[in-house]
Amino acid sequence: MDVIPAIDVLQGNCVRLYQGDYEQSEVFDRDPIATAEKWVEQGATRLHVVDLDGAKSGESVNLPVIQAIAAAVPVPVQVGGGLRDYAGVANLLATGVKQGILGTVAVENPEIVQQLCQEFPGQIIVGIDARNGKVATRGWLETSEVLAVELAQRCAQMGVAGIIYTDIHRDGTLQGPNLPALRELAEAVEVPVIASGGVSSVTDLLSLLALEPLGVSGVIVGRALYTGDVVLKEALQAIGPGRLQDIPLDFDSSALA
């Protein structure tokens, strides 16, 4: 299972939000490029970058920074935030970014998602950000009536390369991932699912291994890496291939039910 460091860019800085609230942002580094290089040096094989300004405005704002990150590291970079039309995604992928992450447009203009999946196979991911099981859009500022599982199934039929599932109430809280919701979504689709939101410890990461056979292929870690609650090298060792035996003996598996 991949451990994917998150780099959220707001006004050129690397920040973390609390439950997606732009008013509760904390700056961790004023050089996102150096941050990207640091995570790769520590073993990251993929990076997750979000243009928070873009997510709010509906168009790429931090594209120069994102392009610089993609050029600076030798690993694939997946990027989301403000990608709401064909041109925006095509421009992003032309910069060297490996995969574009679509969110709002998957709810409001799903035909664009389908077109992009056909023209950029393997490079389109849909990010499903849920609040109480319903999909949030426009930088998490609005909540739709679309159920997360139903959207995941529609996107899988369109041919997306994967789905990133974020539980907004867990994001940035260090309260652990929403395992039941992840299980429900992974069981509903046949494309890779990446977990996001709430990871606070290596134990949280180990709990996700039980969902790997269902298609949960990776986990995005943000605040816990920046606070030091999770050390990337240790996380990579803990949930790499063949490490299921490392689950602590006192781990409560009932949380997965």
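None of the values given here were measured: they were computed from a predicted structure.

Draft legend 1. Quick look at the overall build of the protein chain. Each helix and strand in the protein chain was counted, giving 11 helices and 12 strands. For the protein chain, the residues scored as buried account for 53% of the 257 residues in total. In the protein chain, once contacts between residues fewer than 6 apart in sequence are set aside, the share between residues at least 24 apart is 67%. Accessible surface computed for the protein chain: about 10800 Å², of which carbon and sulfur atoms make up 47%.

Draft legend 2. A look at the packing of aromatic side chains. Enumeration over the complete set of coordinates arrives at 3 aromatic pairs. Relative to Tyr226, the ring of Trp39 lies with its centre 5.4 Å away and its plane at 85°, an arrangement referred to as edge-to-face. Residue Trp39 is found in helix α1 (residues 32-41), and its partner Tyr226 is found in helix α10 (residues 223-227); the two are separated by 187 residues along the sequence. Across the pair, Tyr226 and Trp39 agree in class, each one buried. Residues Tyr86 and Phe120 carry aromatic rings whose centres are separated by 6.2 Å and whose planes lie at 40° to one another, so their mutual orientation is tilted. Taken together, the residues span a long stretch of sequence, with Tyr86 in helix α4 (residues 86-93) and Phe120 in the loop between α6 (110-119) and β7 (124-131) at a distance of 34 residues. Under the relative-accessibility criterion, Tyr86 is labelled partly exposed at 28%. For Phe120, a relative accessible area of 17% corresponds to the buried category. Among the aromatic side chains, those forming a connected cluster through ring pairs are Phe28, Trp39 and Tyr226. The ring of Trp39 carries the charged tip of Lys38 above its face, separated from the ring centre by 4.4 Å.

Draft legend 3. Broad picture of the nonpolar core. Core analysis: the biggest nonpolar cluster contains 71 residues, and Ile7, Leu47, Val113, Ile128, Val219 and Ile239 have the highest contact counts within it. Excluding its chain neighbours within four sequence positions, the residues that come into contact with Val113 are Leu102, Val105, Ala106, Val126, Met158 and Val160.

Draft legend 4. Representation of the UniProt feature "active site" (unreviewed entry) in the protein chain in the model. In this numbering, the UniProt entry assigns the feature "active site" (unreviewed entry) to Asp8 and Asp129. Its place among the elements puts Asp8 in strand β1 (residues 2-10). Ignoring anything within four residues of it in the chain, the contact list for Asp8 reads Asn13, Cys14, Val15, Arg16, Val50 and Leu52. By secondary structure assignment, the location of Asp129 is in strand β7.

Draft legend 5. View of the packing of α1 against helix α3 (residues 63-72). In the contact formed by α1 and α3, the axes pass within 9 Å of each other and the chain directions differ by 30°. In terms of orientation, α1 and α3 fall into the roughly parallel class. Seen from above, α1 lies across α3 with right-handed handedness. Between α1 and α3, the residues in contact are Pro32, Ile33, Ala36 and Glu37 and Val65, Ala68, Ile69 and Ala72, respectively. Its residues assigned to classes, the contact of α1 with α3 shows 7 nonpolar, no polar and 1 charged.

Draft legend 6. Seen up close, helix α7 (residues 148-158). Among all positions of α7, only Ala148, Leu151, Ala152, Cys155 and Met158 are buried. Down the axis of α7, the sector holding all buried residues measures 115°, keeping them to one side.

Draft legend 7. Region of interest: the confidence of the model for the protein chain. Averaged over the protein chain, the pLDDT score is 87; the fraction of residues at 70 or greater is 89%. Scored below 50 in pLDDT, residues 241-257 makes 17 contacts in the model with residues more than four places away or belonging to other chains.

Draft legend 8. Molecular detail of the pattern of salt bridges. Counted according to the given criterion, the structure contains 4 salt bridges. Across the pair Asp2 and Arg46 runs a salt bridge, and its minimum N-O distance is 2.7 Å. Remark: Arg46 occurs in the loop between α1 and β4 (47-51) and Asp2 occurs in strand β1; sequence separation between them is 44 residues. Arg46 sits in the buried class, given a relative accessible area of 16%. Between Arg223 and Glu26 there is a salt bridge, with its nearest N and O atoms 2.9 Å apart. Here Arg223 is found in helix α10, whereas its partner Glu26 is found in strand β3 (residues 21-29), with 197 residues between them in sequence.

Reading guide: rules and limits
- Residues numbered from 1 in each chain as written.
- Predicted model: local features only at pLDDT ≥ 70, side-chain atom pairs only at ≥ 80, totals over all residues.
- Heavy atoms only, no water.
- Helix = DSSP H or I, 4+ residues; strand = E, 2+ residues; numbered from the N terminus.
- Buried < 20%, exposed > 50% of the residue type's maximum accessible area, 1.4 Å probe, protein only.
- Contact = heavy atoms within 4.5 Å.
- Areas by Shrake-Rupley, 256 points an atom, 1.4 Å probe, with all protein chains shown as cover.
- Phe/Tyr/Trp six-rings, centres within 6.5 Å; stacked < 30°, edge-to-face > 60°.
- Lys NZ or Arg CZ within 6 Å of the ring centre and 35° of its normal.
- Core = buried A, V, L, I, M, F, W, Y, C linked by side-chain atoms within 4.5 Å.
- UniProt positions renumbered as here; feature names shortened; annotations may be inferred.
- Axes fitted to C-alpha atoms, helices over the stretch in contact; angles between N-to-C directions.
- Parallel < 35°, antiparallel > 145°, perpendicular 65-115°, else oblique.
- Left-handed = near helix turned anticlockwise from the far one by under 90°.
- Nonpolar A, V, L, I, M, F, W, Y, C, P; charged D, E, K, R; others polar.
- Arc of directions from axis to C-beta.
- pLDDT = per-residue confidence, 0-100.
- Salt bridge = Lys/Arg side-chain N within 4 Å of Asp/Glu carboxyl O.

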